[in-house]
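Report on the structure
Residues per chain, in single letters:
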Amino acid sequence: MSSLHEAANRQFQRAADLIDLNPEYRKILSEPENEVIVNFPVRMDSGDLRLFRGYRIQHNNVLGPYKGGLRFHPDVDLDEVKALAAWMTFKCSLVGLPYGGAKGGVTINPMDFSERELERLVRRFTHQLGDTIGPEIDIPAPDVGTNAQMMDWIMDTYANVSGPGGRQQLRGVVTGKSVEVGGSLGREAATGQGVLYALRHWCGETGQRLSGLQVSIQGFGNVGSHFARLADREGCVIVAVADHTATLHNPDGMDIPKLFDYAREERMIKGFPGAIEVNTEDLFAFPVDAFIPAALENQITAERAETMSCRVIVEAANGPTTFDAEEILNAKGVDIIPDVLANAGGVVVSYFEWLQNQSGRAWRIDDVDTRLREIIWDANDKVVNMKAELNCTHRDAAYAVSLHRLADVYDRRGIFP
Ligand code: GLU
């Protein structure tokens, strides 16, 4: 498999060419600023001691503190985290947040560990990161394989080893926490909600109704499941859903509230009554209006792109479409709403959480929803305008908006010293 970081760089370079980005900024943005790798020991329930490798890659902080999730997955490696960190810089810039980009992770399958082992692992990893993270330095959040409970442990560990002052603001060291310990209402569903806004915006752009749209979804984790629930409520017909255990199909549309509850209960979609199980590859070929990749990167390969017959792909996952697949899909006239725009809802509500931690005031859910919609809608408007101006794809337009902002800030700040 080729390098994900190189693939991410190719996307960035193509847009940089398009807007004739200052070559010095191009040089800076093509590599992360800091690459932190820690090896740390954790005691297993059996009494054995195991050594784990964790990463925190800080891509750029010209716009504000580094920001981005922590991933626990067996495929986590330096190359992947570097790519994911760069995408966070472009995402935060695109939606106008005062944040830079970062990403981290540990190479494990969290399912292989007990709750106690995970707690020790998260706390020790947090401790080992030391001053690498902080509410004004670098703010982690959930990603694939991590959740609110783990964010709570990070916050608690950080607060316990910090001095007694500023305990309230210290909670902003991490976002995606449980509401009870300083998380924001609406954070869990935010990424899925943002994906739905992006799809709705595309409907407006292309003159069609959201209601009645036929949709396939790859991935039924936090992002895919909330997107499905919200899209179903808006009248979308979800005909296929896949996770790592099964691919389900029902041409009449699935009972999403039931599937949502089933998946929460069973922690998988396999065995859900009310749909038939089909082959993994079938998912890509069902004729639908919208295909939503909400799993991992590199899922839409050139081979799969050939078989696809949708009109739009809304990238809920980070980096789901390979460079070659994208060329095939562009030639077929399939619109791709890129990850940095489509899945930005999560980090936007992370920002709201951080603001709430700083001010000590909790926002009501309708305030979160209204502000999220405004920010995501505005970013989608900007991308569509830029697309018309440059006569390019949504992805290139999104990068162009993002790079213009970064370049503008570099122009004003200059490069130290
Ligand atoms: N992991 C999410 C992402 O890729 C959220 C990051 C955050 O909230 O900081 O955008």
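Let me begin by describing the structure that accompanies this report. (Residues numbered from 1 in each chain as written. Predicted model: local features only at pLDDT ≥ 70, side-chain atom pairs only at ≥ 80, totals over all residues. Heavy atoms only, no water.)

**Focus on the nonpolar core**
In this structure, Leu 199, Val 215, Phe 227, Leu 259, Ile 292, Val 314 and Leu 403 are the most contacted members of the largest nonpolar core, which totals 89 residues. At 10 residues, the largest contribution of residues to this core is made by helix 16 (residues 394–413). Residues in contact with Leu 259, not counting those within four places in the same chain, are Phe 220, Val 241, Leu 248, Met 254, Ile 269 and Phe 272. One finds Phe 113, Val 122, Phe 125 and Met 155 within the second-largest nonpolar core, a separate group that totals 26 residues. (Core = buried A, V, L, I, M, F, W, Y, C linked by side-chain atoms within 4.5 Å. Buried < 20%, exposed > 50% of the residue type's maximum accessible area, 1.4 Å probe, protein only. Helix = DSSP H or I, 4+ residues; strand = E, 2+ residues; numbered from the N terminus. Contact = heavy atoms within 4.5 Å.)

**Observations regarding the layout of surface pockets**
Reported here for the second largest pocket is a volume of approximately 330 Å³. Taken together, 19 residues form the lining of the second largest pocket, with Ser 2, Ala 7, Asn 298, Thr 322 and Phe 323 sitting closest to its centre. Among the elements that line the lining of the second largest pocket, the one with the most residues is helix 1 (residues 4–19), at six residues. Partitioning the lining of the second largest pocket into residue classes produces seven nonpolar, eight polar and four charged. (1 Å grid on protein atoms, 1.4 Å probe; cavity = no way out; pocket = protein on both sides within 12 Å on 5 of 7 lines; lining within 4 Å. Points joined across faces, edges and corners; volume = space filled by probe spheres on them. Nonpolar A, V, L, I, M, F, W, Y, C, P; charged D, E, K, R; others polar.)

**Details of the sheet that holds strand 13 (residues 335–337)**
Strand order in the open sheet formed by seven strands is 10-9-8-7-11-12-13, with mixed pairing between adjacent strands. Unpaired on one side and paired on the other, strand 10 (276–278) and strand 13 mark the two borders of the sheet. Taking each pair of neighbouring strands and ignoring which way they run, the sheet shows an average axis angle of 25 degrees. Strand direction decides the pairing type here: strand 11 (residues 290–293) and strand 12 (residues 312–314), joined by two bridges, are parallel. Among the inter-strand pairings, Ala 290 is bridged to a residue of strand 12, identified as Val 312. The sheet strands contacting helix 7 (residues 187–206) are strand 11, strand 12 and strand 13, and the helix crosses strand 12 at an angle near 155 degrees. (Pairing = 2+ DSSP bridges. Axes fitted to C-alpha atoms, helices over the stretch in contact; angles between N-to-C directions.)

**Remarks on helix 4 (residues 115–129)**
The first and last C-alpha atoms of helix 4 sit 21 Å apart over 15 residues, in line with the 21 Å expected at 1.5 Å per residue. Of the residues making up helix 4, those classed as buried are Glu 117, Leu 118, Glu 119, Leu 121, Val 122, Phe 125, Thr 126 and Leu 129. On its buried face, helix 4 is in contact with strand 1 (34–43), strand 2 (49–60), strand 4 (70–72), strand 5 (101–106) and helix 5 (148–161). (Expected span 1.5 Å × (residues − 1).)

**So, the pairing of strand 2**
Pairing between strand 1 and strand 2: 10 bridges, direction antiparallel. Looking at strand 2, one finds that Ile 37 is bridged to Tyr 55. Between strand 1 and strand 2, which pair antiparallel and follow one another directly, the connecting turn spans five residues, one of which, Gly 47, has a positive phi of 100 degrees. The pairing of strand 2 with strand 5 spans six bridges and is classified as antiparallel. Across the sheet, the residue bridging to Asn 60 is Gly 101, located in strand 5.

**Quick word on the site of the ligand**
For the ligand, the set of nearby residues contains 14 residues, the closest of which are Lys 67, Lys 91, Lys 103, Asp 143 and Ser 350. At 2.7 Å, a side-chain N or O of Lys 67 approaches an oxygen atom of the ligand. One of the backbone N or O atoms of Pro 142 is found 3.0 Å from a nitrogen atom in the ligand. Summarising the interface, the protein chains cover 94% of the accessible area of the ligand, which totals 300 Å² for the free molecule. Elements that contribute at least two residues to the shell around the ligand include exactly helix 3 (78–94) and helix 14 (345–359). With three residues, helix 14 is the largest single contributor of residues to the shell around the ligand. Here the shell around the ligand is composed, by residue class, of four nonpolar, five polar and five charged. (Near = heavy atom within 4 Å. Polar contact = N/O pair within 3.5 Å; in protein donor to acceptor, adjacent residues only side chain to side chain. Areas by Shrake-Rupley, 256 points an atom, 1.4 Å probe, with all protein chains shown as cover.)

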